[in-house]
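Residue strings, one per chain:
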Amino acid sequence: MRRGLVIAFFLFVCFGLLLLRCTSSDPSMPAVALSYPDSLTLAPVDTLFFDIDEEVGFEQHSIHYNRELDVFSFFNEPTATLYLYRYSTQQLLEKIKYAMEGPDGLGNTYKMGHAYFGPDSIFFYQYPKGEFILADRAGKVKRRWVIDRDAFASVAPVDIRTLTPITKIEDALYSVGLYLDPAMRRNQILNVTILSLKDHVFKAVLPGPEIYHGGAWGNIMQYQLFYTYNPSSGKLVYSFALDPYILEMDTQGNMHRHLLSSRYLPEVPEPMSDNPLDHLKDKERGERYDFTHANYHAILYDYKHGLYYRFASLKLSEEEYLDRKKGMKIQKPLSVIISDENFRKIGETALPISEGLYVPMTLITADGMLVGNEKLHRNNENKMPFTVFQPAAKQ
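Residues numbered from 1 in each chain as written. Predicted model: local features only at pLDDT ≥ 70, side-chain atom pairs only at ≥ 80, totals over all residues. Heavy atoms only, no water.

Draft legend 1. Region of the structure containing the nonpolar core. In terms of nonpolar packing, the biggest core is built from 23 residues, with Tyr174, Val192, Leu206 and Tyr238 touching the most fellow members. Counting residues per element, the ones that place at least two in this core are strand S11 (172-176), strand S12 (190-196), strand S14 (225-230), strand S15 (235-240) and strand S16 (245-249). Sequence-distant contacts of Val192, defined by excluding residues within four places in its chain, comprise Tyr174, Ser175, Val176, Lys203, Ala204, Val205, Leu206 and Tyr238. (Core = buried A, V, L, I, M, F, W, Y, C linked by side-chain atoms within 4.5 Å. Buried < 20%, exposed > 50% of the residue type's maximum accessible area, 1.4 Å probe, protein only. Helix = DSSP H or I, 4+ residues; strand = E, 2+ residues; numbered from the N terminus. Contact = heavy atoms within 4.5 Å.)

Right, here's the structure in full:
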């Protein structure tokens, strides 16, 4: 009898230790949310159309929405023109043409990012030079800040896009970057650049997860960083492509990790190589790895519904990848993880990209989640269409 009690106690202790290990926040542990109340999905509820002219193509690098001013904007790179719309009516308000050269010039507009905070508070980011520019609605440049790339040699170069926008919190601009130097381990790089508009200085924060110690993962897709801002909590939330955890950080640098994983990524994938320095050595092999392995993608905060959406970019089969190499337009499937404001997962649903959705043009507005619709644009090239998604109970 006593021997049976000892065995039972031993098994209880072992089970307890196993449970502690499974709930550990150890970043090296593969982790996946195995069970959750799968109660929500995302459903298309509307389509919005913005009038565009013959100078504007469908694919736009930088789209911004200001909910306080009800202004929707995008920057057309070829013509250096900012288009402003009244979002609630989709009415074109103004086209602001900026110079490319001279004292009010924006310079090279390739991958130009922007954010509209008011008629005298329009920010641009000039990617080739690493320059933030403050301009106004009259087309005048009011101030410039250039990142010292020697001093910031271990900081990911800022990359402003629709899914990685400029975020203004009080007197500071926040942005993230993409660093692909194989000589630098990702966890040695700082990934967030902050510009103080009060002191006019840059600082960098947020090293990459320890998980990047372990090898080389393709070319680009596993190295991306996305983020979103929750104005209710005042916190920024970061999503590294390789990490099942997201990072929640306040403006003081206090950070918490939360598991927010996809059922399609049960564990961290095996690296392409165990040597981090092999990254980008064989780009063809890296491209194959990118497309035949899943990774995490964008994260968005839907303030209207109090929900987070984390995207998972799923893998292609070997056959699908080879068809893509032959020129077929095949995208990686997308799954969207839905969580509440406490990062409790409450749903996961496929995003129907086969319906012509163009995910790089995705943003949150007063209506929910907008995704650019290329298929509808082909039907009418004078329109920039967006499909509106809102959360809905699963049937």
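Once you've had a look at it, read on.
Draft legend 2. How the structure looks around the packing of aromatic side chains. With the rule as written, the count across this model stands at 26 aromatic pairs. Three or more aromatic residues joined by ring pairs form one cluster here, namely Phe50, Tyr65, Phe72, Phe74, Tyr83, Tyr85, Tyr87 and Phe386. The ring centre of Tyr127 lies 4.1 Å from the NZ or CZ of Lys111, which sits over that ring. Over the ring of Tyr296 we find Arg310; its NZ or CZ atom is 3.9 Å from the centre of that ring. (Phe/Tyr/Trp six-rings, centres within 6.5 Å; stacked < 30°, edge-to-face > 60°. Lys NZ or Arg CZ within 6 Å of the ring centre and 35° of its normal.)

Draft legend 3. Spatial organisation of the sheet that holds strand S19 (residues 307-313). If you walk across this open sheet you meet the four strands as S18-S19-S20-S21, and the pairing is antiparallel. Taken across any chain shown, the strands that pair with only one partner, and hence form the sheet edges, are strand S18 (295-302) and strand S21 (345-351). Each adjacent strand pair in this sheet contributes to an overall mean axis angle of 20°, direction not counted. By the bridge criterion, six bridges tie S19 to strand S20 (residues 334-339) in an arrangement that is antiparallel. (Pairing = 2+ DSSP bridges. Axes fitted to C-alpha atoms, helices over the stretch in contact; angles between N-to-C directions.)

Draft legend 4. Highlighting the sheet that holds S15. Sheet architecture is open: four strands sit in the order S14-S15-S16-S17, paired in antiparallel fashion. Both edges of this open sheet fall to S14 and strand S17 (255-259), since each of them pairs with a single strand only. When the angles between neighbouring strand axes are averaged without regard to direction, this sheet yields 25°. In this sheet, S16 lies alongside S15 in antiparallel orientation, the contact comprising three bridges. For Leu236, the partnering residue across the bridge sits in S16 and is Met249.

Draft legend 5. The packing of helix H2 (residues 283-292) against helix H3 (residues 318-325), seen in detail. Running from N to C, H2 and H3 cross one another at 125°; their axes reach a closest spacing of 10 Å. With respect to each other, H2 and H3 are oriented oblique. As for the relative orientation of H2 and H3, their crossing is right-handed in sense. Residues Glu284, Glu287, Arg288, Phe291 and Thr292 of H2 touch H3, and the partners they reach there are Glu318, Tyr321, Leu322, Arg324 and Lys325. (Parallel < 35°, antiparallel > 145°, perpendicular 65-115°, else oblique. Left-handed = near helix turned anticlockwise from the far one by under 90°.)

Draft legend 6. The arrangement of the pattern of salt bridges in detail. Evaluated as defined, the whole model comprises 17 salt bridges. Two residues, Glu94 and Arg137, come together in a salt bridge whose shortest N-O distance is 2.5 Å. Here Glu94 is found in strand S5 (residues 91-97), whereas its partner Arg137 is found in the loop between strand S8 (131-135) and strand S9 (141-146), with 43 residues between them in sequence. If you follow the salt bridges from partner to partner, you end up with Lys111, Asp159 and Arg161 in one network. (Salt bridge = Lys/Arg side-chain N within 4 Å of Asp/Glu carboxyl O.)

Draft legend 7. The arrangement of unusual backbone geometry in detail. Its identity as a non-glycine residue notwithstanding, Lys111 has a phi of 55°, on the positive side. Residue position: Lys111 is located in the loop between S5 and strand S6 (113-116).

Draft legend 8. Structural context of the pairing of S9. In terms of strand pairing, S8 meets S9 through five bridges, oriented antiparallel. Across the sheet, the residue bridging to Glu131 is Val146, located in S9.

Draft legend 9. Highlighting the environment of Ile133. Relative to the helices and strands, Ile133 resides in strand S8. Sequence spacing of Ile133 and Arg143 is ten residues, and the spatial spacing of their C-alpha atoms is 6.0 Å. When neighbours within four sequence positions are excluded, Ile133 is seen to be in contact with Leu106, Ile122, Phe123, Phe124, Gln126, Val141, Arg143, Arg144 and Trp145.

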